[in-house]
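As a plain string of letters, each chain reads:
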Amino acid sequence: MTEPVQVPSRPGGSAVWSPSVVPPIGVELTDTQALAIAFRHLADIGFAENMAGHITWQADGQTEMLVNPWGLWWAELTASDICTVDADARVVRGRWDVTPAIHIHTELHRARPDARVVVHNHPYYVSLLASLQLLPELVHQTGALFLDDLCLVDTYDGEIDSAARARELAERIGGANLAILASHGVIATGRTLAEAVYRSATIERVCKMAYHVLLTGRTPAPMKRSDMAGMQASLIERAADVYWAGAARMTIKADRRVLE
Ligand SMILES: [Zn+2]
C-alpha cells in the first residue's frame, strides 16, 4: 500500500501579510456600545428573527456577561438597554429582564473558556438547512472559515430553558465555533466580538449559497483542503477585525442613537 501524500497547507493569515494601517472605527466604544452595534448590524443583514436570540459577551477573567434583554428587537437596541447577568443567568445590572433561554449561553461560556462571545439566533438560510438536518457544503472560499469547525445538533427537543438542558447542548457542541441546531437555528462563538460577529454574518451567506447550489442539482467545484486551511487563517486573522470595524462605522452612521 502506498502512503497517502500529505499536501502541506498553503500558508495564510498574518504569516503571509499584515496591513500597515487599517481604517479605524473612529469612536472609542464602551463594551455596551460595541454590543449594541453588533445587534443592530446583525439585524441589518437579516441574521435576526425579530427579538429572538441573544449575544452574550463575557470579558476576560469575568463570569458575569453582557446580554440583550427580553422583549426588544435586535434592530432597536441601544447601549443602555444592555443588561448584565451572572454565571447562573440572574440579572445583576440593567433596566430590563432576561429570559431563561439565556442558559444556552451561560452553560456554553462555562464549558468553553475560549468562547468569550456567544451569538444565537434563527437566521433564515441556516434554519432552512437545519430543517433538513444538513450542514452547509463549503462551496466557496469564504466557507473555509468553517473548515473543521462545524457541528450539527441533529435533534430538536423543545425549548432550552434550564441549565441542565443547556449543559447537554454545550456537551454536544464540544469545541466547535459554529453549531447548527436542527429545527432551531445557530450558535456562533468567538474569542472576540469581532470574530463572533464575523462568523455569524458569514454562516448565513454560506448557507444561502449552499442551498442555492443544492437547488441546481449539480456538483460544485471542489476546493483543496490544503488551500482552505490557509484561507481560514486569513479570514480569522485578517478579515474579522476589519469586517467588524466597517460594520461599526456603518451602523453608527445609520443611527448614532445606538450609542446612547
Ligand atoms: Zn433560539
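About the thresholds
Residues numbered from 1 in each chain as written. Predicted model: local features only at pLDDT ≥ 70, side-chain atom pairs only at ≥ 80, totals over all residues. Helix = DSSP H or I, 4+ residues; strand = E, 2+ residues; numbered from the N terminus. Rg over C-alpha atoms; globule rule 2.2 N^0.38 Å. Buried ≥ 20, exposed ≤ 12 C-beta atoms within 10 Å, placed from the backbone. Contact = placed C-beta atoms within 7 Å. Core = buried A, V, L, I, M, F, W, Y, C linked by C-beta atoms within 7 Å. Pairing = 2+ DSSP bridges. Axes fitted to C-alpha atoms, helices over the stretch in contact; angles between N-to-C directions. UniProt positions renumbered as here; feature names shortened; annotations may be inferred.

Peer 1: It is not clear to me how the overall build of the protein chain should be interpreted in this structure. Could you clarify?
Peer 2: Across its full length, the protein chain carries six helices and eight strands. Rg of the C-alpha trace for the protein chain: 19 Å, near the compact-globule value of 18 Å for 260 residues, within the 12% margin. Along the first, second and third principal axes, the C-alpha atoms of the protein chain reach 65 × 50 × 35 Å. Relative to its 260 residues, the protein chain shows a buried fraction of 40%. Sequence-distant contacts, at least 24 apart, represent 72% of the contacts inside the protein chain between residues at least 6 apart.

Peer 1: I keep staring at the nonpolar core and nothing clicks. Help me out?
Peer 2: Considering soluble globular proteins, one finds that nonpolar side chains tend to be buried as a cluster. Grouped together as the largest cluster of nonpolar side chains are 68 residues, with contacts concentrated most on Leu35, Ala38, Phe39, Leu42, Leu193 and Val197. In terms of residues, this core owes the most to one element, helix 5 (residues 193-216), which gives 10 residues. Other than its neighbours up to four places away in sequence, Phe39 contacts Ile55, Asn68, Trp74 and Leu77.

Peer 1: So what exactly am I meant to see when it comes to the sheet that holds strand 3 (residues 83-85) here?
Peer 2: Sheet strands pair by backbone hydrogen bonding; their relative direction is either parallel or antiparallel. Taking strand neighbours across the sheet as the criterion, the eight strands line up as 4-3-2-1-5-8-7-6 in an open arrangement whose pairing is mixed. Strand pairing shows two members of the sheet lacking a second neighbour, strand 4 (91-93) and strand 6 (150-153), which therefore form its edges. Strand-to-strand twist in this sheet, taken as the mean axis angle between neighbours without regard to direction, amounts to 25 degrees. As judged from the three bridges shared by strand 2 (residues 65-67) and strand 3, these two strands associate in the antiparallel manner. In the sheet register, Met65 faces strand 3, and the bridge partner there is Val85.

Peer 1: In this structure, what is going on with the environment of Glu159? I would like to understand it.
Peer 2: Mapping Glu159 onto the fold places it in the loop between strand 6 and helix 4 (163-173). Sequence separation between Glu159 and Ala101 is 58 residues, and the spatial gap between their C-alpha atoms is 7.5 Å.

Peer 1: Quick question: what am I supposed to make of the UniProt feature "domain: Class II aldolase/adducin N-terminal" (unreviewed entry) in the protein chain here?
Peer 2: This chain's UniProt record puts "domain: Class II aldolase/adducin N-terminal" (unreviewed entry) on residues 33-211. Across residues 33-211, helical content stands at 33% and strand content at 18%; the span's end C-alpha atoms are separated by 34 Å.

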